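What follows is the residue order along each chain.
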Amino acid sequence: MKATTSREKVALPKVTSLKARANKLAKRLDKFTSSKWSAEVYSMSPTEAREILLERNCNKGTEATNRTLKKRNVNFLGRAIAEGNWKRHAGNVKFDTTGTLIDGQHRLNAIAQSGEILEVIVEKGCDAGTSPAIDQGDNRTLTHAVQFGKKLTGLTPSQVGWFTTRAVQILRSIVNIEGKSVPEGTLSERSKGYSANQVVKVINEHKSAMAFVYANKSKKKGFTRPAILGPIISFISEDWEKGAKFYNDFIGASIKTGKSNAARMLGKHLEKVNTMKENGEKMSLGVYSSRGYDEMVYWHQQTLKAIEAFKNNNNIKFRA
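Conventions adopted
Sequence order as written defines residue numbering, which begins from 1 separately in each chain. Confidence filtering applies because this is a predicted model: local features only for residues at pLDDT of at least 70, side-chain atom pairs given and counted only at 80 or more, and all residues used for totals across whole chains, interfaces and linings. Each side-chain value is worked out from all heavy atoms of the structure, with water and hydrogens disregarded. Only DSSP runs of H or I with at least four residues qualify as helices, and only runs of E with at least two residues qualify as strands; both kinds are numbered from the N terminus onward. Buried, partly exposed and exposed residues are distinguished by accessible area as a fraction of the type maximum, computed with a 1.4 Å probe on protein chains only: under 20%, between the cut-offs, and over 50%, respectively. Contact criterion: two residues are considered in contact whenever any of their non-hydrogen atoms come within 4.5 Å of each other. All accessible areas in this document rest on Shrake-Rupley with a 1.4 Å probe, and a residue is counted as covered only by the protein chains that are shown. The set of buried Ala, Val, Leu, Ile, Met, Phe, Trp, Tyr and Cys residues whose side-chain atoms join them within 4.5 Å is what this entry labels a nonpolar core. The positive count covers Lys and Arg only, the negative count covers Asp and Glu only, and His and the chain ends enter neither. When a carboxyl oxygen of Asp or Glu lies within 4 Å of a side-chain nitrogen of Lys or Arg, that pair is called a salt bridge. Identification of polar contacts relies on pairs of N or O atoms within 3.5 Å, with a donor-acceptor requirement for protein atoms, meaning one able to donate a hydrogen and the other able to accept it, and with residues adjacent in sequence counted only if both atoms are side-chain atoms. At least two bridges found by DSSP between two strands are what make those strands a pair. Angles here are taken between N-to-C directions and fall from 0 to 180 degrees, while the axes themselves are lines fitted to C-alpha atoms, restricted in helices to the stretch in contact. Aromatic pairing here means that ring centres of Phe, Tyr or Trp (its six-membered ring) are within 6.5 Å. Orientation follows from the plane angle: under 30 degrees is stacked, over 60 is edge-to-face, and everything else is tilted. When the NZ atom of lysine or the CZ atom of arginine is within 6 Å of a ring's centre and also within 35 degrees of its normal, the charge is said to sit over that ring.

K.L.:
Give me the lowdown on the overall build of the protein chain, citing residues and values where you can.
P.N.:
Scanning the protein chain for helices and strands turns up 12 helices and four strands. Counting all 320 residues of the protein chain, 42% fall into the buried class. Considering only intrachain contacts with a sequence separation of at least 6, the fraction spanning at least 24 residues in the protein chain is 70%. A total accessible area of about 18,500 Å² is found for the protein chain, and carbon and sulfur atoms account for 51% of it.

K.L.:
Now, about the nonpolar core: what can you tell me, with residues and values included?
P.N.:
Residues I232, F246, Y247 and F250 are the most contacted members of the largest nonpolar core, which totals 48 residues. Looking at this core, the elements with two or more residues in it are α6 (157-172), α7 (196-205), α8 (207-215), α9 (226-238), α10 (240-251), α11 (262-278) and α12 (292-311). Every residue in contact with I232, bar those within four places of it in the chain, is listed here: F246, Y247, F250, T303 and I307. Listed in part, the 22 residues of the second largest apolar core include L25, F32, L101 and V120.

K.L.:
Residues and numbers for the side chain of R172, please.
P.N.:
Relative to the helices and strands, R172 resides in helix α6. Buried and unpaired, R172 has no salt bridge, with E189 as the nearest side chain of opposite charge at 7.4 Å. Within the structure, the side chain of R172 is placed 3.1 Å from the backbone oxygen of E189, a separation counted as a polar contact. Leave out the neighbours within four places in its chain, and R172 touches V182, T186, L187, S188, E189, R190, S191, Y194, Y293 and M296.

K.L.:
Can you lay out the sheet that holds strand β1 (residues 38-44) for me, pointing to particular residues and giving the numbers?
P.N.:
Across the sheet, which stays open at both edges, the four strands sit in the order β1-β4-β2-β3 with mixed pairing between neighbours. Both outer strands of the open sheet, β1 and β3 (101-103), are each paired with one neighbouring strand and no more. Between one strand axis and the next, the sheet turns by 35° as a mean value, whatever way the strands run. Relative to β3, strand β2 (residues 93-96) runs antiparallel, the two being bridged by two bridges. Across the sheet, residue K94 finds its bridge partner in β3, namely D103.

K.L.:
So what's going on with the pairing of β2? Which residues, and what values?
P.N.:
Alternating residues of β2 divide into V93 and F95 and K94 and D96, and every residue in both groups is buried. Summarising the sheet, β2 and strand β4 (residues 118-126) pair through three bridges and their orientation is parallel. Its bridge partner being in β4, D96 is matched across the sheet by C126. Linking two consecutive strands that pair antiparallel, namely β2 and β3, is a turn of four residues; a positive phi of about 85° is found at G99 within it.

K.L.:
Mind laying out the packing of aromatic side chains, listing which residues take part and the relevant values?
P.N.:
On inspection of all chains with the given rule, the structure shows 12 aromatic pairs. Ring centres of F32 and F95 lie 4.7 Å apart, and the angle between their planes is 15°; on these two criteria the pair is classed as stacked. Here F32, found in the loop between α1 (6-29) and β1, pairs with F95, found in strand β2; they are 63 residues apart in sequence, far enough to count as distant. Judged by its relative accessible area of 2%, F32 falls in the buried class. Under the relative-accessibility criterion, F95 is labelled buried at 0%. An aromatic cluster of three or more residues is present, and its members are F32, Y42 and F95. The positively charged end of K217 is found above the aromatic ring belonging to Y214, 3.7 Å away from the centroid.

Here's what the structure looks like:
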């Protein structure tokens, strides 16, 4: 029989201690294992959330029981916690009959990072095969969150949708969904991930300007593009007289010709590009390509150029 070395004698207690801790953790998490389905309100601590994610969650490889973790979703939920908008019923934490986490990993990650004990709805004993069916229905949109948040008054559901889309466009020119500043003249590449609170704040800041543009919407193709209206709404909020004049020139509603042709030229350029696209003609629009994001940035930048020229009473010319 091999003699135990002094190094092994030191290591044995450590191994025993680790096994003891693992067994203790397993017993703590056994409460999420059940052969029968049940649901309850549960106070989830950051420590317990981390333990579940470590021991009962698998989101990689062929044995995965959860989707790949999306950091932006965790950040979105983290922002909801920070803003005091955490809702325990907004999404449940589900375990199957073996105690394996099959839904709620983003919520648990957000709790783990928050340092706060938060209430969640825990479902245990979910049937086998539940995981593939989760989130296959009609998900609620940001517009729904803004509408049902009851923080905007006097707007119809269709108006809430229109205002929300333009508010997100303004947000995309200021900060990305991670909260980092966006370089001037460009847009955040992602639009999904802004919170209802952020949108409501932007709408309230620009409500009069948005209401003016909404009430005077143009029926011309492309003239309600968020990429174009975002900067125009911001301009109207900054300087109502000049901003409203710019918008009226842009949609062709002005009676008198102003000192600058910038807004009218922007409108004509938009109409020309629309015609060229319909006819399949080649265009050279700088960053423009078939990608929707690139085209969005292009129109955002051209609108900013037109507004700058208009402010300085300069004329401008666009080329397609």
